[in-house]
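# Secondary and tertiary structure notes
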Amino acid sequence: MANIRETDLPGIGRKFSVETEESEKISIIVHEDGKREIFHNPPDSPEEYELVVTLGDVEARQIASIIGGMSYRPSGLEQAELSLSQLSIEWYKLKRNMDCLGKTIGDLAIRENTGTVVIASIESSRKQKISPGPEYVLQEGYTLVVAGERSGIQILKQLLERGSG
Amino acid sequence: MDYIVFEIGIAVLLVALAGLLASKLKFSVVPFYILAGMAVGPHAPVFGILDFRFIQSAELIEFMGKIGVIFLLFYLGLEFSVGRLVKAGKSIAIGGTIYIGINFTLGLLFGFATGFGIKETLVIAGITTISSSAIVAKVLVDLKRTANPETEMILGIIMFEDVFLAVYLSVLSGLLLSGATSIGGILLSAALALGYMLLILVIGRKAVPLLNKLLNIPSNEIFMCTVFAALFLIAGFSETIHVAEAIGALLVGLVLAETSHMHRIEKIILPFRDFFGALFFFSFGLTIDPLSLGGNAVWLAIGAVILTMIGNYSAGMLAGKTAKLSPKSSSNVGLTIMSRGEFSIIVANLGAAGGLAAILQPFAAIYVLILAILGPLMTKESKWIHNGIARIFRLKK
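Residues numbered from 1 in each chain as written. Chains lettered and ligands numbered in written order. Predicted model: local features only at pLDDT ≥ 70, side-chain atom pairs only at ≥ 80, totals over all residues. Heavy atoms only, no water.

Residues and elements named next belong to chain B. Scanning the entire structure with this criterion turns up one cavity of 30 Å³ or more. In this model, the largest cavity occupies a volume close to 50 Å³. As for the largest cavity, its lining consists of N103, L106, G107, F110, T128, A304, L307 and T308. Put simply, the parts of the chain that give the lining of the largest cavity at least two residues each are α5 (90–113) and α14 (296–322). Looking at the lining of the largest cavity element by element, the count peaks at four residues for α5. Tallied by class, the residues present in the lining of the largest cavity amount to four nonpolar, four polar and no charged. (1 Å grid on protein atoms, 1.4 Å probe; cavity = no way out; pocket = protein on both sides within 12 Å on 5 of 7 lines; lining within 4 Å. Points joined across faces, edges and corners; volume = space filled by probe spheres on them. Helix = DSSP H or I, 4+ residues; strand = E, 2+ residues; numbered from the N terminus. Nonpolar A, V, L, I, M, F, W, Y, C, P; charged D, E, K, R; others polar.)

And the structure:
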């Protein structure tokens, strides 16, 4: 969890100092007039904070909802979902101990076995592969974007973990 | 003919133009308002009905400036809270004490060394000690320094100074306005002023639940009138017992800050503070004839400016050191707190109200003009200044 410190800046507003797990330091100033400023502290100069972005009140709320994952859940998370009536679209990250690694989509016969389709894959280097074909090899760290019915996606998850139908 | 509304119109237009020019040049507005007032003072030319001397409206403008002081101090009281100061912590108390100790002592020495009497010297020390909260906060926001580690210390010292200002103004107003001459009389009137302050604060604290109920007024109009009535009544009454109105206003602010209506009051007061505050600086400028500025006042002000720069810089370095800030951050503390503005002028006006030497006002005007312009500039260029000083004194990096 990030370490957050809150301080009063009388006459200006409130300051939130955040130190993330990756030792990055940012400060968020909430001005009394609603303006927000996000500062970043470069590791090489501890006393100099650089302004990253200034946001108006409405902008800040919009962006907060994006960061909070209210409109889109990041692919880095283990799984996320989006449902449009019967159809679900899910993100599914391939982890080290899964048995599907090294096999192709064709090997696993995903469509035939589960009724779901892999619509895209986000590879470790953030490279995207839209609509990967049957020859596409699954690797550790990839995030698969899968569309299908919920039941099919459940079967797919088992398939990916065990590596065979 | 009576052109009073027209004259006020011209005055406000001049203030607006001065403000526009200042924001175009990215300077603090304070010196520009004062300069505008000085430029059109009692010796300005008359062009037909465009009478820049503000003869008919002089009293009215002066009165609006007075209202400006009342609102400025009222807002200060509203914003201030003991909780905040306590939370700000020990480093602030030490830093603030160092800062005020150095600057006040230098101010006193300067006053005595230049041959003023004790009352004048006390006013001079007040003028040179207290920096401008408004300018400092604005400069920090403008220069995007709000997230820097030294900013908390700077704002803490400013807050500490505000407390000092409140106490100092009350002592000074007891001393200057009562007309007492003997030491016993002076002490008595200062004690009276302090006692009056404490009394209002204690009664105010007890009355918070009652005030909460009384101020529960849905209509903005009636709410505003009630608050203003309390403000002006207490500020005005204070004056009748020789306590500066500004102090009365501050006290009302402090009391109302404890109520649950604080934010509503703050919102309502803010535009009034800004408008009348601007007129306050302008009317202060009006009282100063630029042609009479030559000589003593200028040299005195320049001397005080140099002393303030040295005092602030060393105080900043020391205060920063006690808070374990880096030399660069400490140097930022000293250079940022350098700006002088509204409070110096309020103290100078108190001197004028007490009938002290007439030179105090032009002195304060030039002093504030220089430091209101130079302060923000030095804050902006703090990196170069610090490197330069570090090179001269061979400070450790």
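Turning to the interface of chain B and chain A, a few remarks are in order. Each side of the interface is counted separately: chain B has 19 residues, and chain A has 21 residues. Interface area for chain B against chain A, summed over the two sides, is near 1700 Å², with a carbon-plus-sulfur share of 53%. Scanning the region where chain B abuts chain A turns up four salt bridges. Linking A:E48 and B:K328 is a salt bridge whose minimum nitrogen-to-oxygen distance equals 2.9 Å. (Contact = heavy atoms within 4.5 Å. Buried area = accessible area lost by both parts, 1.4 Å probe. Salt bridge = Lys/Arg side-chain N within 4 Å of Asp/Glu carboxyl O.)

This part covers the sheet that holds strand β4 (residues 36–41) of chain A. Residue and element names in this part refer to chain A. Strands sit in the order β1-β2-β3-β4-β5 across an open sheet of five strands; the sheet is antiparallel. Looking along the sheet, the strands with just one partner apiece sit at the ends: β1 (3–9) and β5 (50–55). Across the sheet, the axes of successive neighbouring strands diverge by a mean angle of 20°, strand direction being ignored. Summarising the sheet, strand β3 (residues 25–31) and β4 pair through six bridges and their orientation is antiparallel. Following the sheet pairing, S27 is matched in β4 by F39. (Pairing = 2+ DSSP bridges. Axes fitted to C-alpha atoms, helices over the stretch in contact; angles between N-to-C directions.)

Read these as spatial facts, not as claims about activity.
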